[in-house]
Amino acid sequence: MRFYGIALLASAAVLGACGGEKTPATDSAAAVTPAPSATPTTDSAAAMAPAAGAATAAPATGTTHEVKMIGDASGYKFEPANITVKQGDAIKFINVSGGPHNVAFHDITDAAAKAQIDANMPGAKLGELSGPMLMQPNEGYTVSFAKVPPGTYNFNCMPHLAMNMKGVVTVQ
Ligand SMILES: [Cu+2]
């Protein structure tokens, strides 16, 4: 009788456990349910992300401007450091002296602009918006500003950031 009683208790415990397990399952299902109602938000965010990430390289159709990258006794600088281009133009950054240099855009708040500039930066980039290291004198790196929304975009040279090697491009 004791055995039987224990068996009953055990099976009751199992049943109880089963019952207990079902409840969390239902709860987690219920917890998942509110998420789909939040799906529109997630979807719109997801819809925005591909739109930004979907930017493809847009070749320049206008003028190619030149910006020299200089490192000498006078310091490290882009020349000109402040340049205005039209949408569709390009800038060719040229390693003149004191390299390696690179061009890295930063603090771009407009997602579409950020994605387009990044897409327009070819080659073995150091990272998002950060162009490849130009090791050799006269080595150039061209960034197209086609499809880049009008605005002001800051850039710097990663190796010489501490030396204040930076510039601004205004796209009209
Ligand atoms: Cu530099």
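Refer to the preceding data block for the structure.
Residues numbered from 1 in each chain as written. Predicted model: local features only at pLDDT ≥ 70, side-chain atom pairs only at ≥ 80, totals over all residues. Heavy atoms only, no water.

### Re the sheet that holds strand β5 (residues 104–106)
If you walk across this open sheet you meet the four strands as β3-β8-β7-β5, and the pairing is mixed. With partners counted over all chains shown, the strands left at the sheet margins are β3 (82–85) and β5, one partner each. In this sheet, neighbouring strand axes are inclined to one another by 30° on average, regardless of whether the strands run parallel or antiparallel. Of the strand pairs in this sheet, β3 and strand β8 (residues 166–171) are connected by four bridges, and their pairing is parallel. Note that in β8 the partner of Asn 82 across the bridge is Val 168. (Pairing = 2+ DSSP bridges. Helix = DSSP H or I, 4+ residues; strand = E, 2+ residues; numbered from the N terminus. Axes fitted to C-alpha atoms, helices over the stretch in contact; angles between N-to-C directions.)

### Quick word on the environment of Thr 61
Tracing the backbone through its elements, the reader meets Thr 61 in the loop between α2 (34–53) and β1 (64–72). Linking Thr 61 and Gln 87, residues 26 residues apart in sequence, is a C-alpha distance of 8.8 Å.

### Thoughts on the sheet that holds strand β6 (residues 140–144)
Taken in spatial order, the four strands of this open sheet run β2-β1-β4-β6, and their pairing is mixed. Strands with a single pairing partner mark the edges of an open sheet, and in this sheet they are β2 (75–79) and β6. Sheet twist, expressed as the average angle between the axes of neighbouring strands with direction ignored, equals 15°. In the sheet, β1 pairs with β2 via five bridges, with the strands oriented antiparallel. Bridge pairing in β2 places Asp 72 opposite Gly 75.

### A few points about the pairing of β1
Across six bridges, β1 lies against strand β4 (residues 90–95) in parallel orientation. Its bridge partner lying in β4, Met 69 is registered against Asn 95. Hairpin remark: β1 followed by β2, antiparallel, with two residues in the connecting loop.

### What about unusual backbone geometry?
What is expected of a backbone is that most residues other than glycine have negative phi and most peptide bonds are trans. Omega for the bond connecting Glu 79 with Pro 80 falls within 30 degrees of zero, at 0°, which places this linkage in the cis form. Looking at the element boundaries, Pro 80 is found in the loop between β2 and β3. In this model, Gly 99 is joined to Pro 100 through a cis peptide bond whose omega is 5°. Mapped onto the secondary structure, Pro 100 falls in the loop between β4 and β5. Not every positive phi belongs to a glycine, and Asn 138 is a case in point at roughly 75°. Residue placement: Asn 138 occurs in the loop between α3 (111–119) and β6. Of the residues examined, Asn 138 reaches a relative accessible area of 64% and is grouped as exposed. (Buried < 20%, exposed > 50% of the residue type's maximum accessible area, 1.4 Å probe, protein only.)

### Notes on the pattern of salt bridges
Inspection of every chain in the model, using the stated rule, returns two salt bridges. The shortest N-O distance in the salt bridge between Lys 77 and Glu 79 comes to 3.7 Å. With a closest N to O distance of 2.8 Å, Lys 125 and Asp 118 form a salt bridge. (Salt bridge = Lys/Arg side-chain N within 4 Å of Asp/Glu carboxyl O.)

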